[in-house]
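Below, each chain spelled out in residue letters.
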Amino acid sequence: MVKVANDRVRADGDLPEAGPGDDVVGGDQAFGDGAPAAAGLDTHAVGGDAEAEVSGISLRLIAGLAATAHGSVRSEPGRLDVTVDSTAPLRTALRDASAGTRLTHRLVLADAAALAEHGRGLHDVLTELEGASAAGIVVSGLTGRTAAAVARAAEATGLPLIDVPLDHMATFTTEVLTAILEHQTAVLRRLEDADRALVQIVLAGGSLDDLCEQVVGFLDGAVMVTTTDGRVIARAGSARELEHATGLECFDRTGRLLTENEPMGPRPDGPTANRAAVRIVAGHLDHGVLIAFCAHRRLTVDDVRLLERAATVAALAITKDQAVSAVESKYRAEFLRDALAGRAGSPAEAVAHASSLGWDINRPMVVVVAETDEDDDRSTRDADEVRFLQQRFARAWTHAVTVRDARSPVMGFSREVVALIGVPPRADTDQVMRVVGEYVRVVRGDGGGGRRSFSAGVSRPFVSVASLPQAYDEALSAVTVGRQMHGDGALTHVDGLGIYRLLALIPDGADLRRFVAESLRELATDESPEYAGLRETLGVLLDTNLNVAETARLLFFHYNTLRYRIGKLEKILGPFTTDPDLRLTLALALKIHQMRGI
C-alpha cells in the first residue's frame, strides 16, 4: 500500500463526457454515527445492490480532492480506479454488511467518535468493510494512536483510507458533492441527446447504418448491428476502428461475431473492456446484438447505458423494417413459388416480373435448396419457436446471398430456403460447387445460420426460366438424397447422386427395406460383428468387378483369406460370382443399405 497524499488531481477529474464509472446515486446524510451532517453530502443512498440510474465518480478523483484539502490517501494504486456512487456512515455500513448487503461502490464515512463506540477492534471493522466490497473509508478528526491504528488496519486489509483534517472536511465534502452532481448532469444530458438523435433516425426512416453512425458520434469508436447468430448487417466507424474491431478474437474467420461467447452489458477491466454488447429485444423476440468497440479506451457503464437506449431504437427500426418486408416478401414468395412450379407465365413475362422485384434471373443460374437437419414435425419445440428459428435460418441465407449478389432471388418457405445463384457461363460441376460452397460456408459461419445444422442440394445450371421447375426438382432430390447418403450437413450436387437418385424416387421406404432384407439376408443386420466386414468385402469385390487380387490388396487381406470370405458370402447370398443378375441385385441392396432415413 502506498501513500498518495500529494498526488496531483488527474486531468480526467474534469469528468469527461464519456464518464469513467459505474452506477450511482447518493448516500446517507450523516457523516458519522451521531456526528453532524457532512456539509450536505446527501446523495440519496440506494439500498442493497439495486442498479442506479447514473454512474458515479472514481475514487481517484475523490483522492485528488482530498489531497487539495490537505488530506492523505493510503491505497493500492489499482483500488483508486473503482467508482463511488453512494456514501454511508460507519454504523449503517456495518449493519448492512452484517445483513449480507454488498457495499460495492459505497464510500464509508467515520470520525473518531464513530470508530471508538464499536467494541470490536479497528482491524475487525475494516476487515468486515473490505469483505463487503466497500469502495473505501473516509475518516476525520483522528489523532495519535487512533490515527496510527486505523492506518495499520487499512494497510493490512487493503481497504483504501482517506484521512481529511476536520477543518477542511466541509470544503472536501462540498467538492465531492459538486463533482458527483456535475458528472450526473453530464451523463443525463448525454443520454437525453442520444435519445433525441436516435429516435429522430427512426422517425425520418433512417437505416441501421444511420443508427450506427449516430452512436459512433457519441462513443468515438466502431459500432455494429448483428443478427442473433452474429452476421453483421450494419456498421459504422473509421476504417482504423473497424479494422481493429474485426481483427479481434470475437469474430470467426468468416466475419461472424461469436455471439454465443460474447457477454452482454458492462465488463470489468481486462482484455475485453474496450468493447461492449447489448441485446436488441422487442417483446419476447431477440432481434440481434448491438456491439461497440473502442481501440483507445475502455467502455464504461455509461457507454453501455447509451447502447441500451440505442438497442431499443434499433428494435423499433428492425420491427418496422420487418413489417414492411413481410408485405414485400409475400409477393416475392408467391412469384418465386409460381416460377418454381412453372406457373409464372412465359419466360419473358417471368424475367420482367422478377426484374420489377429487383431480381435478375435471365442468366446462367443454379437452384439451391437448403433444409435444416432437425425434423420440426417431431421437435419438442413449440410452434412459435420453430417458426422463429426457420425465419432466422432464412435471414442468414438472405444476408449471405444479397451481400454477394443483390439481384439473386432467395426466399424462405415453411420448411426450406430456396436461392437462385448465378454461376459462370458453361460452368462445370466443380465450378458450380465452389460458388455454392462459398455461400454455404458463410451461412454456416463456424456455427452460424441460427446455429442449426442444415443440408443443401444443388441443381444443374439452367439458362431459361422454362427450365426452373426441373432445376428445382433436381435440387430437392439432391438435398433429400444427399442427407441420406452423407448424413446431416451434406452439400450435394444432383450429378453426384448417381443410382441414389433413382432409388429416391421409390416413395415407400418399407419396400426398399424389404428388398435389402431379402437380398442381403442376415448381412442386412448387425446381429453379428462379422456382418459389417462381410458387407465391406462384398462391396469392394463388386466395385473391382470380382478382381480377387485387387480386392485383397485394397482390404489388406491374404489371398487365401479372401477366397475363404468369398466362399462364405456365396453360402449366404448365392453364386454371385457366376450370376450377373444376382451381382446387380446385391449392388443395389448395398447402395440402399448405405442410405439413411429410408
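For clarity, every value in this text was computed on a predicted model and none was experimentally measured. Just so you know, the residues in each chain are numbered from 1, in the order the chain's sequence is written. Under the rules for a predicted model, residues below a pLDDT of 70 receive no local features and side-chain atom pairs below 80 are neither given nor counted, while totals for whole chains, interfaces and linings still include all residues. Computation of side-chain values covers all heavy atoms of the structure but excludes hydrogens and water.

A. Main features of the nonpolar core. By nonpolar core we mean a set of buried residues, namely Ala, Val, Leu, Ile, Met, Phe, Trp, Tyr and Cys, connected to one another through side-chain atoms within 4.5 Å. Accessible area is worked out with a 1.4 Å probe on protein chains only. A residue is then buried under 20% of its type maximum, exposed over 50%, and partly exposed in between. Membership of the largest hydrophobic core comes to 34 residues, with the highest contact counts inside it found for Leu-198, Leu-211, Val-215, Ile-280, Leu-290 and Leu-307. Looking at this core, the elements that each hand over two or more residues are α6 (169-203), α7 (208-219), β11 (222-226), β12 (232-237), β13 (275-282), β14 (285-293) and α9 (301-340). Per-element tally for this core: the top contributor is α9, with 10 residues. The contact definition used throughout considers only heavy atoms, calling two residues in contact when any of these lie within 4.5 Å. Here Leu-307 is in contact with Val-215, Leu-219, Ala-276, Val-278, Leu-290 and Ala-292, once residues within four sequence places are set aside. One finds Val-516, Leu-523, Leu-573 and Ile-592 within the second-largest nonpolar core, a separate group that totals 30 residues. Secondary structure elements are taken from DSSP: a helix is a run of H or I of four residues or more, a strand is a run of E of two residues or more, and numbering for both begins at the N terminus.

B. How the structure looks around the packing of aromatic side chains. The aromatic pairing rule takes the rings of Phe, Tyr and Trp, using the six-membered ring of Trp, and pairs them if the centres are within 6.5 Å, calling planes under 30 degrees apart stacked, those over 60 edge-to-face and the rest tilted. The final tally for this structure, using the stated rule, is 4 aromatic pairs. The interplanar angle of 35° and the centroid separation of 6.0 Å between the aromatic rings of Phe-251 and Phe-293 together place this pair among those described as tilted. Of this pair, Phe-251 sits in the loop between α8 (239-246) and β13 while Phe-293 sits in strand β14, and the two are 42 residues apart along the sequence. The same class applies to Phe-251 as to Phe-293, namely buried. Joined through ring pairs, the aromatic side chains of Phe-393, Trp-397 and Phe-454 make up one cluster. Both a distance and an angle decide whether a charge sits over a ring: NZ of Lys or CZ of Arg must be within 6 Å of the ring centre and within 35 degrees of the ring normal. Positioned over the ring face of Phe-454 is Arg-444, at 4.6 Å from the centre of the ring.

C. Highlighting the pairing of β12. Relative to β12, β11 is paired through 5 bridges, and the arrangement is antiparallel. Along β12, the bridge assignment pairs Val-225 with Ala-234. Strand pairing is assigned whenever DSSP identifies at least 2 bridges connecting the two strands. Counting the residues in the hairpin turn of β11 and β12 gives 5 residues, including Gly-230, whose phi is positive at 100°.

D. Molecular detail of the side chain of Asp-229. As for its position among the elements, Asp-229 is in the loop between β11 and β12. Looking at Asp-229, the relative accessible area reads 1%, which means it is buried. N or O atoms within 3.5 Å of each other form a polar contact, as long as, within protein, one can give a hydrogen and the other can take it, and as long as residues adjacent in sequence are counted only when both atoms are side-chain atoms. For Asp-229, the side chain forms a polar contact with the side chain of Thr-227, separated by 2.6 Å. Among the polar contacts made by the side chain of Asp-229, one reaches the side chain of Arg-231 at a distance of 3.4 Å.

E. Expanded view of the sheet that holds strand β19 (residues 491-493). In spatial order, the strands read β16-β17-β15-β18-β19; together these 5 strands make up an open sheet with mixed pairing. Whereas interior strands pair on both sides, the edge strands pair on one side only; in this sheet they are β16 (410-412) and β19. Between one strand axis and the next, the sheet turns by 15° as a mean value, whatever way the strands run. Relative to β19, strand β18 (residues 454-458) is paired through 3 bridges, and the arrangement is parallel. Of the residues in β19, the one forming a bridge with Ala-456 is Leu-491. Lying on the sheet, α9 is in contact with β16 and β17 (417-422); it crosses β16 at an angle near 105°. Lines fitted to C-alpha atoms define the axes here, with helix axes fitted over just the stretch in contact, and angles between the N-to-C directions of these axes take values from 0 to 180 degrees.

F. Fine view of the packing of helix α11 (residues 383-404) against helix α12 (residues 429-444). Taken N-terminus to C-terminus, the directions of α11 and α12 make an angle of 130°; their axes are 9 Å apart at the nearest point. Taken as axis vectors, α11 and α12 run oblique relative to one another. For the pair α11 and α12, the crossing hand works out as right-handed. When α11 is examined against α12, the residues Ala-396, Trp-397, Ala-400, Val-401 and Arg-404 are found in contact with a partner set consisting of Tyr-439, Val-440, Val-442 and Val-443. Just so you know the grouping, Ala, Val, Leu, Ile, Met, Phe, Trp, Tyr, Cys and Pro go in nonpolar, Asp, Glu, Lys and Arg go in charged, and all remaining residues, Gly too, go in polar. Looking at the contact of α11 with α12, its residues break down into 8 nonpolar, no polar and 1 charged. Here roughly perpendicular refers to angles of 65 to 115 degrees, roughly parallel to angles under 35, roughly antiparallel to angles over 145, and oblique to all remaining angles. Crossings are sorted by hand: turned counterclockwise from the far helix by less than a right angle, the near helix makes the crossing left-handed, and turned clockwise it makes it right-handed.

G. Layout of the environment of Val-516. Structurally, Val-516 can be placed in helix α15 (residues 509-520). Put simply, Val-516 and Ala-589 are 73 residues apart on the chain and 4.9 Å apart in space, counted from C-alpha to C-alpha. Ignoring any residue separated from it by four or fewer positions in sequence, one finds Val-516 in contact with Arg-521, Ala-524, Ala-589, Ile-592 and His-593.

H. Inspection of the pattern of salt bridges at higher detail. The rule for a salt bridge is simple: a side-chain nitrogen of Lys or Arg has to be within 4 Å of a carboxyl oxygen of Asp or Glu. Counted under the stated rule, the structure contains 25 salt bridges. Residue Arg-275 is joined to Glu-249 by a salt bridge in which the shortest nitrogen-to-oxygen separation is 3.2 Å. Of the two residues, Arg-275 sits in strand β13 while Glu-249 sits in the loop between α8 and β13, which places them 26 residues apart along the sequence. With a relative accessible area of 4%, Arg-275 lands in the buried category. Overall, the relative accessible area of 54% leaves Glu-249 in the exposed class.

I. Here's a closer look at the confidence of the model for the protein chain. This prediction gives the protein chain a mean pLDDT of 80; 87% of its residues lie at or above 70. Each residue carries a pLDDT score, the predictor's own confidence in it, on a scale running from 0 to 100. Here residues 1-53 is modelled with pLDDT under 50, and outside its nearest four sequence neighbours on either side it reaches 152 contacts, counting other chains as well.

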